[in-house]
Amino acid sequence: LYVRFNDIKLKAGDYTLSPSQSIPELAQALTTGRENEIRVTIPEGYRREQIAEVIESKLGIKQLDFLSASKGLEGTLFPDTYAFSKDATANDVVKVMTDTFAKKTASLDLSQDDIVLASIVEREALTPAEKPVVAGILKNRLNDGWALEVDATIQYIMGKSGDWWPVPLLGDRKRVSPYNTYLNRTLPPAPIGNPGIVALTAVASPAATPYYFYLHDKTGIIHYAA
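Below, the structure is looked at part by part. Predicted model only: the values in this text are computed from it and were never measured.

Time to look at the overall build of the protein chain. Across its full length, the protein chain carries nine helices and four strands. Beginning at the N terminus, the succession of helices and strands in the protein chain can be written as α-α-β-α-α-β-α-α-α-α-α-β-β. Based on the C-alpha atoms only, the size of the protein chain along its principal axes is roughly 70 × 40 × 35 Å. Here the protein chain holds 226 residues, and the buried ones make up 42% of them. Taking all contacts inside the protein chain whose residues are at least 6 apart in sequence as the whole, residues at least 24 apart take part in 59%. On the protein chain, roughly 12,500 Å² of surface is accessible, and the fraction owed to carbon and sulfur atoms is 53%. Taking the average place of the 24 positive charges on the side chains of the protein chain and the average place of its 27 negative ones, the gap between the two points comes to 3 Å.

This is the structure in structure tokens:
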């Protein structure tokens, strides 16, 4: 009604609005169009190479440029939906993503090991409800000196363009790598992907559980065992 009675011309576009804005402020904001911005969605659990593919397809930034700008930052490229300017550089994109990670996790007091574990939980758990329990199970294994034995880390070793998370076979568990959690009893040296806030929170506050094992059946239902 405000727009109609004041003869305000709205423009299509992507907007960032706030509940605190008044009706006149909202109406005025919706007249700019923001035609120079492109929305980019980065899903939870994507590894740097996958993000580079998305950024190239949406913003035209070369994958090698993004990988160079994000070197050593796996795990802190926060998955979210962003509005980037059409002329954004690889450094611009990386800064926005890492700044968002810092803001979202400021209250969690995460260590580097926590971020590594959260990246594994993100790939291993299928639903938000599972993540605190899976985090608790993996912490139980670590605390007792067990090898984590998670397939997600084997997938990370095997991943390549076109199939970043292949299904590993039993023989793949023998691949020699510091990321192989079947051969090594420690966490991988770095995150295997970029976890979302649910996985990060799950590791910061894992469920206290007697379980040491979990398994997803063919329908996706998870089962736990002590």
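Structure shown, so let's carry the discussion forward.
Time to look at the environment of K131. With respect to the secondary-structure elements, K131 resides in helix α7 (residues 130–143). When the C-alpha atoms of K131 and T201 are compared, they prove to be 9.0 Å apart, with 70 residues separating the residues in sequence. With sequence-adjacent residues up to four places away left out, K131 is seen in contact with V121, E122, A125, V198, A199 and A202. A distance of 2.7 Å separates a polar atom in the side chain of K131 from a polar atom in the side chain of E122.

Once that is clear, we can look at the packing of aromatic side chains. Under the definition given, this model contains five aromatic pairs. Judged by centre distance (4.9 Å) and plane angle (40 degrees), the rings of W146 and Y212 are tilted. You can see W146 sitting in the loop between α7 and α8 (151–158) and its partner Y212 sitting in the loop between α9 (197–204) and β3 (213–216), a full 66 residues away along the chain. Looking at Y212, the relative accessible area reads 17%, which means it is buried. Sitting over the face of the ring of W165, R47 holds its NZ or CZ atom 5.6 Å from the ring centroid. Stacked on the ring of W165, the Lys or Arg R123 has its end atom at 3.8 Å from the ring centre.

Scanning the model with the defined rule gives seven salt bridges in all. Between K9 and D7 there is a salt bridge, with its nearest N and O atoms 3.4 Å apart. On the basis of relative accessibility, which here comes to 54%, the residue D7 falls in the exposed class. Salt-bridge contacts for E49 lead to R47; the nearest nitrogen and oxygen are separated by 3.0 Å. Note on accessibility: E49 and R47 belong to one class, buried.

Relative orientation of the contacting elements helix α6 (residues 112–124) and α9 amounts to 125 degrees, with a least axis distance of 8 Å. As summarised for this structure, α6 and α9 are arranged oblique, according to the angle between their axes. Relative to α9, α6 is oriented so that their crossing is right-handed. Contacts between α6 and α9 involve D114, L117, A118, V121 and E122 on the former and, on the latter, A199, L200 and V203. Class assignment of the residues belonging to the contact of α6 with α9 gives a composition of six nonpolar, no polar and two charged.

The description of two packed helices rests on the angle between their axes and on the distance between the axes. At a minimum axis distance of 10 Å, the contact between α6 and α7 shows a crossing angle of 125 degrees. As summarised for this structure, α6 and α7 are arranged oblique, according to the angle between their axes. Regarding α6 and α7, the two cross each other, and that crossing is right-handed. Where α6 abuts α7, its residues D114, L117, I120, V121, E122 and E124 lie against K131, V134, A135, L138, K139 and L142. Tallied by class, residues from the contact of α6 with α7 come to seven nonpolar, no polar and five charged.

Rules behind the numbers
Residues numbered from 1 in each chain as written. Predicted model: local features only at pLDDT ≥ 70, side-chain atom pairs only at ≥ 80, totals over all residues. Heavy atoms only, no water. Helix = DSSP H or I, 4+ residues; strand = E, 2+ residues; numbered from the N terminus. Buried < 20%, exposed > 50% of the residue type's maximum accessible area, 1.4 Å probe, protein only. Contact = heavy atoms within 4.5 Å. Areas by Shrake-Rupley, 256 points an atom, 1.4 Å probe, with all protein chains shown as cover. Lys, Arg positive; Asp, Glu negative; His and termini not counted. Charge placed at Lys NZ, Arg CZ, Asp CG, Glu CD. Polar contact = N/O pair within 3.5 Å; in protein donor to acceptor, adjacent residues only side chain to side chain. Phe/Tyr/Trp six-rings, centres within 6.5 Å; stacked < 30°, edge-to-face > 60°. Lys NZ or Arg CZ within 6 Å of the ring centre and 35° of its normal. Salt bridge = Lys/Arg side-chain N within 4 Å of Asp/Glu carboxyl O. Axes fitted to C-alpha atoms, helices over the stretch in contact; angles between N-to-C directions. Parallel < 35°, antiparallel > 145°, perpendicular 65-115°, else oblique. Left-handed = near helix turned anticlockwise from the far one by under 90°. Nonpolar A, V, L, I, M, F, W, Y, C, P; charged D, E, K, R; others polar.

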